[in-house]
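Secondary and tertiary structure notes
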Amino acid sequence: MKPTRWRDLLGIAALTGLVSWLLVRRFYGDIPPLPYSAAVTTFLLAAAELYLAPAIRARLAGRPRTKPIMPIAVARTAALAKASSVLGALSVGCWTGALGYLLSRLDLRHARADAVVAGVSAAVGVLLVVAALRLERACRVPPPPPAAA
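Predicted model, so just to flag it, every value in this text is computed and none were measured.

1. Comments concerning the overall build of the chain
Of regular secondary structure, the chain possesses 4 helices and 0 strands. Along the chain direction, N to C, the helices and strands of the chain fall in the order α-α-α-α. Relative to the 2.2 N^0.38 estimate, which gives 15 Å for 149 residues, the radius of gyration of the chain is 19 Å and therefore markedly larger than a compact globule would have. For the chain, the proportion of its 149 residues judged to be buried stands at 35%. For the chain, the computed accessible surface area is about 9500 Å², with 69% contributed by carbon and sulfur atoms. Distance between charge centroids for the chain: 13 Å, based on 18 positive and 6 negative side chains.

2. Observations regarding the pattern of salt bridges
Counting across every chain of the model gives 1 salt bridge. Of the charged contacts, one joins Arg5 and Asp8 as a salt bridge, the two residues approaching to 3.2 Å between their closest N and O atoms. A residue is classified by how much of its surface remains accessible, and Asp8, at 34% relative accessible area, is partly exposed.

3. A few points about a nonpolar patch on the surface
On the surface, a cluster of nonpolar side chains totalling about 440 Å² of accessible area is made up of Leu15, Val19, Leu23, Phe27 and Ile31. By the secondary structure assignment, Phe27 is in helix 1 (residues 6-27). In this structure Phe27 comes out as partly exposed when scored by relative accessible area, which is 36%.

4. A closer look at the nonpolar core
Soluble globular proteins tend to bury their nonpolar side chains together. By size, the foremost hydrophobic cluster in this structure holds 13 residues, and its most contacted members are Val24, Tyr28, Leu34, Trp95, Tyr101, Leu102 and Ala118. Elements with a contribution of two residues or more to this core: helix 3 (71-103) and helix 4 (111-138). In terms of nonpolar packing, the next biggest core, distinct from the first, is built from 9 residues, Ile69, Ala78, Leu135 and Ala138 among them.

5. Re a positive patch on the surface
Taken together, Arg57, Arg63, Arg134, Arg137 and Arg140 make up a surface patch of like positive charges. Counting through the fold element by element, Arg137 comes out in helix 4.

Each value, and the rule that gives it
Residues numbered from 1 in each chain as written. Predicted model: local features only at pLDDT ≥ 70, side-chain atom pairs only at ≥ 80, totals over all residues. Heavy atoms only, no water. Helix = DSSP H or I, 4+ residues; strand = E, 2+ residues; numbered from the N terminus. Rg over C-alpha atoms; globule rule 2.2 N^0.38 Å. Buried < 20%, exposed > 50% of the residue type's maximum accessible area, 1.4 Å probe, protein only. Areas by Shrake-Rupley, 256 points an atom, 1.4 Å probe, with all protein chains shown as cover. Lys, Arg positive; Asp, Glu negative; His and termini not counted. Charge placed at Lys NZ, Arg CZ, Asp CG, Glu CD. Salt bridge = Lys/Arg side-chain N within 4 Å of Asp/Glu carboxyl O. Patch = residues over 30% accessible without salt bridge, like charges linked within 9 Å, V, L, I, M, F, W, Y side chains within 5 Å. Core = buried A, V, L, I, M, F, W, Y, C linked by side-chain atoms within 4.5 Å.

In structure tokens, the structure reads:
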């Protein structure tokens, strides 16, 4: 499995943002107010990954007072991190596209509140991408110590 690249995530976010902007532009009058819960759940996932990264790194490095970690657990955690980084990029693109439309339509009834939700959700999406990339990096096996001569 190769490390996730920023370029790939930016491409996902850009494409999703464009599609989101087009959909919101077309259907904004037909959708209910945007939910705050999207930002909360994304934030909880990002917080969990930020908490997990140092623990995984310490266990892989064999630091004192840590239990060894099973290789399958590291692989599963790395897969979670890769999936979360893509989810974060999708979230950033989706909410940024919606925000782009909403900022041009602040005269509409619910647009101001929806713009706040979209902006906060986009920021939390960025946090998820950063947390996921940090967790993915923590799952890399550290290089062996140099041999004493």
